[in-house]
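Okay, here's what each chain looks like letter by letter:
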Amino acid sequence: MRHGEFEDPVLVTVYDAECRWAADDDFFVEAVGTAPVRVLDLGCGTGRLTIALAGRGHRVTGVDPAAASLAAARAKPGAAAVTWIQGTAADAPPASFDVALMTSHVAQYLVGDDEWRTALSALRRAVVPGGRLVFDTRDPAFRSWTTWSPVESRHAVPLPDGGDVLVWSEATETEPGVVEVTRHYEFPDRARSSSATMRFRTEAELRASLAETGWAVDFVFGGWQRQPAGTGDGEFVVGAHAV
Ligand SMILES: C[S@@+](CC[C@H](N)C(=O)[O-])C[C@H]1O[C@@H](n2cnc3c(N)ncnc32)[C@H](O)[C@@H]1O
């Protein structure tokens, strides 16, 4: 199933069990700041960070196209404090936010150049003058998809019901910066899979697309400890403000 890990309720449970609070969440919390602001979390998924930000006093809207992920988010404690929208960047209300986020590599699911620029433009419209954008995307130079192989990526994910599922991936770069990924899930009684196309943009591509869509870049770090780009965690951690 395409995007099954976000769209299939069973695989969403696996996503949620696997993707726990980590250094990236700490980074985004710090980037949003302590003063209460209006936050747009585009591609909020199952709402781990979205709900935590609302719990810290921010007025938070989570937007995601995946109904099953949003259902999981809405069922969590604290979810009532968040405004949830099923949709994409185009569905974000205009001039309504101080900060827009895309976390855990949402940017990489916006594959085509048009799709990416359309989303950046919509986010630009969604923020107020001077509003900020913070997101992460993997640095293609690290070629992290080469480790998403059946043997290297194979691991067990403990599930809330006490069982566990074996998860492994395969990935192929079909053209420069475009990677087809399939995740396989082996439950005790059945198997499922989820496929997606992911885009790996260079720093130059990120900077050019941001400049074209009304964003001025404030930082491009290489990891969650604010390392220089090209070093660190194999990430580009990007901050920009609306111009
Ligand atoms: C890896 S998950 C990240 C979820 C969440 N931000 C987190 O930190 O756990 C990627 C999310 O991007 C969402 N997504 C995929 N295509 C999207 C699009 N065109 N616009 C917005 N979100 C999208 C998926 O539904 C999924 O929830």
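Fair warning: this is a prediction, and the values are worked out from it, not measured in the lab.

Cut-offs used in this document
- Residues numbered from 1 in each chain as written.
- Predicted model: local features only at pLDDT ≥ 70, side-chain atom pairs only at ≥ 80, totals over all residues.
- Heavy atoms only, no water.
- Salt bridge = Lys/Arg side-chain N within 4 Å of Asp/Glu carboxyl O.
- Helix = DSSP H or I, 4+ residues; strand = E, 2+ residues; numbered from the N terminus.
- Buried < 20%, exposed > 50% of the residue type's maximum accessible area, 1.4 Å probe, protein only.
- Axes fitted to C-alpha atoms, helices over the stretch in contact; angles between N-to-C directions.
- Parallel < 35°, antiparallel > 145°, perpendicular 65-115°, else oblique.
- Left-handed = near helix turned anticlockwise from the far one by under 90°.
- Contact = heavy atoms within 4.5 Å.
- Nonpolar A, V, L, I, M, F, W, Y, C, P; charged D, E, K, R; others polar.
- Near = heavy atom within 4 Å.
- Polar contact = N/O pair within 3.5 Å; in protein donor to acceptor, adjacent residues only side chain to side chain.
- Areas by Shrake-Rupley, 256 points an atom, 1.4 Å probe, with all protein chains shown as cover.

A. Quick look at the pattern of salt bridges. Counting across every chain of the model gives 14 salt bridges. With its nearest N and O atoms 3.0 Å apart, the salt bridge here joins aspartate 113 to arginine 199. Here arginine 199 lies in strand S9 (residues 190-199) and aspartate 113 lies in helix H6 (residues 113-126), a separation of 86 residues in the sequence. By relative accessible area, arginine 199 is classed as buried at 11%. Glutamate 205 serves as the salt-bridge partner of arginine 199, at 3.7 Å between the closest nitrogen and oxygen. A cluster of three or more residues bridged by salt bridges with shared partners is formed by Asp113, Arg199 and Glu205.

B. Local environment of the packing of helix H3 (residues 23-32) against helix H4 (residues 48-55). For the pair H3 and H4, interaxial distance at closest approach is 11 Å and the crossing angle is 40 degrees. As far as their axial angle goes, H4 and H3 are oblique. H3 and H4 meet at a crossing whose hand is right-handed. For the pair H3 and H4, the contacting residues are Asp25, Phe28, Val29 and Val32 in the first and Arg48, Leu49 and Leu53 in the second. Residues belonging to the contact of H3 with H4 are distributed by class as follows: 5 nonpolar, no polar and 2 charged.

C. A look at the site of the ligand. In the vicinity of the ligand there are 15 residues, among which Tyr15, Gly43, Arg48, Asp64 and Ser104 approach most closely. Note that an oxygen atom of the ligand is positioned 2.9 Å from one of the side-chain N or O atoms of arginine 48. Interatomic distance of 2.9 Å between a side-chain N/O atom of serine 104 and an oxygen atom of the ligand. Protein contacts shield 94% of the accessible area of the ligand, which totals 600 Å² for the unbound molecule. In the shell around the ligand, the residues fall into 9 nonpolar, 4 polar and 2 charged.

D. Looking closely at H3. For H3, a buried count of 7 out of 10 residues is recorded, marking the element as mostly surrounded by other parts of the structure. Taken together, the buried positions of H3 are Asp24, Asp25, Phe27, Phe28, Val29, Ala31 and Val32. Buried residues belonging to H3 abut strand S1 (38-42), H4, strand S4 (97-102), strand S5 (127-138), strand S10 (215-221) and strand S11 (235-242).

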